[in-house]
Amino acid sequence: MLRQYSKSYRVIASAAVILLLSVNSLLSSAAQPANEITESGRLGLGFIYEVVISPDGTLLAAASMGGLWLYSFPELTPIESLDGHRGDVNSTAFSPDGKLLASGGQDGTVRLWGVESGTQTAVLEHAAPVSGVVFSPDGKLLASGGQDGLVRLWDVESQTPRAALEHADSVSDLAFSPDGRVVAAADGFNVHVWEAATSALLATLQHTSQAIGLAFSSDGRLLASGDGVRARVWDAESYSIRAALRRTGLDWVNSVTFSPDNRTLVSAGSTLTMWDVAAETEIASLNHTGWVYTIAFSPDGDLLAAGVDSAVRLWDVESRTELPALVHPGWVTSVAFSPDGSLLASNSEDGVRLWEVESHTELALFEGQNFWGVVTFSPDGSLLASGGEKGALRLWDVKTRTPLADLEGHTGWIDALAFSPDGKLLASGQHTAESTTVRVWDVTTFTELAALDHPGGVSSVAFSPDGKLLASAGGGYVFNMARLWDVATFTSAADLRHPEWVLSAAFSPDGQWLITGVADGTVRVWEVTAQTEIAALQGQRDGVSSVAVSSDGRLVASGGGYVAGFTGAGMVTLWDVHP
């Protein structure tokens with residue numbers, strides 16, 4: 001909910017990041033200006049700022065980095081995304097009759113939605129980014145809190161402002177009591193309780209951390225608030241503390257809401273958690289966020305896979321729905337589809353796993369690979385290459401699921417692998433720069449053909465579709481670049497300079513463009529022949545650690561992020577490149 005503070009917690013509460021770009025017109029002969037690329041939507045939630053349950057208890061609305069989403073409750077099954085805000089949706093609230101849904105966004109607007117139709121019915125302009133919205137019990141007023149320290153009361157029918165309550169700090173959340181007599185506002189380390197009719201201050205509830213979430217129980221006896229890693233429950237008459245609910249570990253609470261019977265409290269942030277209020281115990285939790293290290297399209301472009309914390313998350317690209325996840329015991333650092341799309345390989349701390357895509361079942365575990373690595377299939381699907389720490393680089397026979405050879409030469413963390421289109425060569429990139437960072441191998445003889453000096457560390461390597469060029473991307477000090485190599489001579493052909501570390505790179509299917517993901521949060525598009533940048537897409541706050549292009553060139557996916565050496569949170573954004 002409190003947008004301006006969320007960035008500080010992004011490494012703790014990271015989110016799934018998938019950025020989709022329509023690149024039909026990018027793959028034409030004429031370069032498209034960056035200002036013709038517009039955001040058209042977002043896929044998935046990302047970090048959740050607030051959740052609310054509908055009055056009849058059947059729906060849950062989530063305001064998030066990825067927009068405004070509706071879920072069934074308590075099943076938590078996604079229903080639809082309500083598109084309209086530009087950027088993060090910081091807050092949301094149902095009207096008392098459940099017919100309207102209000103949302104407050106980072107774009108400085110308050111929007112009203114028809115719940116049954118899913119359509120936008122009104123846009124109320126606010127003076128600053130809106131961090132909290134709430135209806136009065138009779139549904140006639142809507143309160144919105146902004147980062148300018150003002151709480152505005154709106155007449156819902158006329159859509160005009162009625163009053164303003166001033167606060168010393170940005171307002172992070174709001175809540176009316178069930179009788180409408182008081183309105184509570186969270187700002188800074190305090191929650192202020194006001195009498196709505198007279199604007200008199202009734203109480204100040206002090207917190208140990210940023211007060212971020214507020215919710216009254218339906219009987220008006222309890223007030224819940226988010227306080228750092230805790231959800232606090234207060235007596236709404238004496239305003240004394242009743243309970244402090246906390247999960248194990250750093251699980252930031254950004255929002256709280258009661259179920260209609262007041263028996264259950266839902267807290268949200270890095271995890272959706274359901275609490276038994278009377279027993280002060282956890283009922284269930286749903287981890288919706290994670291660190292995204294890698295993404296890959298299926299060969300037919302129908303599926304998108306992302307390594308998110310300790311699972312591979314799968315999406316149907318056309319419907320934008322999530323499929324069952326492939327769970328690992330540790331962080332997933334790399335994913336790759338086999339050329340026919342029937343298999344998926346993933347790398348985690350305990351080794352390389354092979355999955356059957358259709359059934360979502362694990363077929364094999366290739367053990368012996370060092371923790372934290374990368375995997376890729378050969379073009380014919382017969383080989384699987386995996387790289388890891390301390391220069392570990394291994395070739396596997398996919399059919400027999402046995403190791404073929406260990407390729408020795410690297411001394412540091414191997415972060416990048418790519419087969420040439422004909423499957424005869426394997427390029428490997430070393431993340432650390434204490435020795436030669438790019439090596440090219442003959443996979444039939446298991447011998448090294450070339451050692452290429454890329455300045456700094458290498459995060460990504462990619463062959464052009466015709467196999468004539470090899471791109472290595474990386475950075476360090478002043479060496480933030482994607483370097484193009486002539487494969488025939490293994491000599492440098494061009495350096496594409498970037499402002500920060502280049503974390504990922506991929507060629508378009510026709511080889512005209514190189515798409516790079518950068519630590520500054522941009523996705524950059526380069527014309528290979530002219531060696532010029534034609535677009536810099538500013539869609540992500542954190543670094544773009546992985547990019548992938550669909551086989552038809554229609555979509556580009558990017559995942560992230562990267563903050564001060566950590567892969568962290570981001571958002572899901574859809575981009576449209578206009579012809």
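Everything here concerns the structure above.
This write-up is about the structure you can find in this document. (Residues numbered from 1 in each chain as written. Predicted model: local features only at pLDDT ≥ 70, side-chain atom pairs only at ≥ 80, totals over all residues. Heavy atoms only, no water.)

## Section: the pattern of salt bridges
Next up, step 1: On inspection of all chains with the given rule, the structure shows 10 salt bridges.
Next up, step 2: Taking the shortest distance from any N to any O, the salt bridge between R111 and D107 comes out at 3.4 Å. When sorted by exposure, R111 lands in the same class as D107, which is buried.
Next up, step 3: Between D155 and R162 there is a salt bridge, and its shortest N-O distance comes to 3.3 Å.
Next up, step 4: With a relative accessible area of 18%, D155 lands in the buried category.
Next up, step 5: Classification of R162 by relative accessible area gives exposed; the value is 55%.
Next up, step 6: The structure contains a network of salt bridges with shared partners spanning D520, R524 and E533. (Salt bridge = Lys/Arg side-chain N within 4 Å of Asp/Glu carboxyl O. Buried < 20%, exposed > 50% of the residue type's maximum accessible area, 1.4 Å probe, protein only.)

## Topic: the nonpolar core
Next up, step 1: Counting 15 residues, the largest nonpolar core has A184, V191, V193, L205, L214, F216 and L223 as the members making the most contacts within it.
Next up, step 2: Secondary structure elements with two or more residues in this core: β16 (182-187), β17 (190-195), β18 (201-206) and β19 (211-216).
Next up, step 3: Apart from residues lying up to four places away in sequence, L205 is in contact with F189, N190, V191, L223, W234 and Y239.
Next up, step 4: The next biggest cluster of nonpolar side chains, apart from the first, holds 14 residues, and it includes A416, A450, V461 and F463. (Core = buried A, V, L, I, M, F, W, Y, C linked by side-chain atoms within 4.5 Å. Helix = DSSP H or I, 4+ residues; strand = E, 2+ residues; numbered from the N terminus. Contact = heavy atoms within 4.5 Å.)

## Points about the sheet that holds strand β8 (residues 100-105)
Next up, step 1: Spatial ordering of the open sheet is given by β7-β8-β9-β10, a layout of four strands whose pairing is antiparallel. Each edge of the open sheet carries a strand with a single partner, namely β7 (89-94) and β10 (119-125). In this sheet, adjacent strand axes meet at a mean angle of 20 degrees when their direction is disregarded.
Next up, step 2: Sheet topology note: the β8/strand β9 (residues 109-114) ladder contains five bridges and is antiparallel. (Pairing = 2+ DSSP bridges. Axes fitted to C-alpha atoms, helices over the stretch in contact; angles between N-to-C directions.)

## Focus on the environment of A186
Next up, step 1: Locating A186 in the fold gives a position in strand β16.
Next up, step 2: A residue is classified by how much of its surface remains accessible, and A186, at 0% relative accessible area, is buried.
Next up, step 3: Separated by 26 residues in sequence, A186 and I212 place their C-alpha atoms 6.4 Å apart.
Next up, step 4: Those residues in contact with A186, other than ones at most four positions away along the chain, are S170, V171, S172, D173, V191, A211 and L214.

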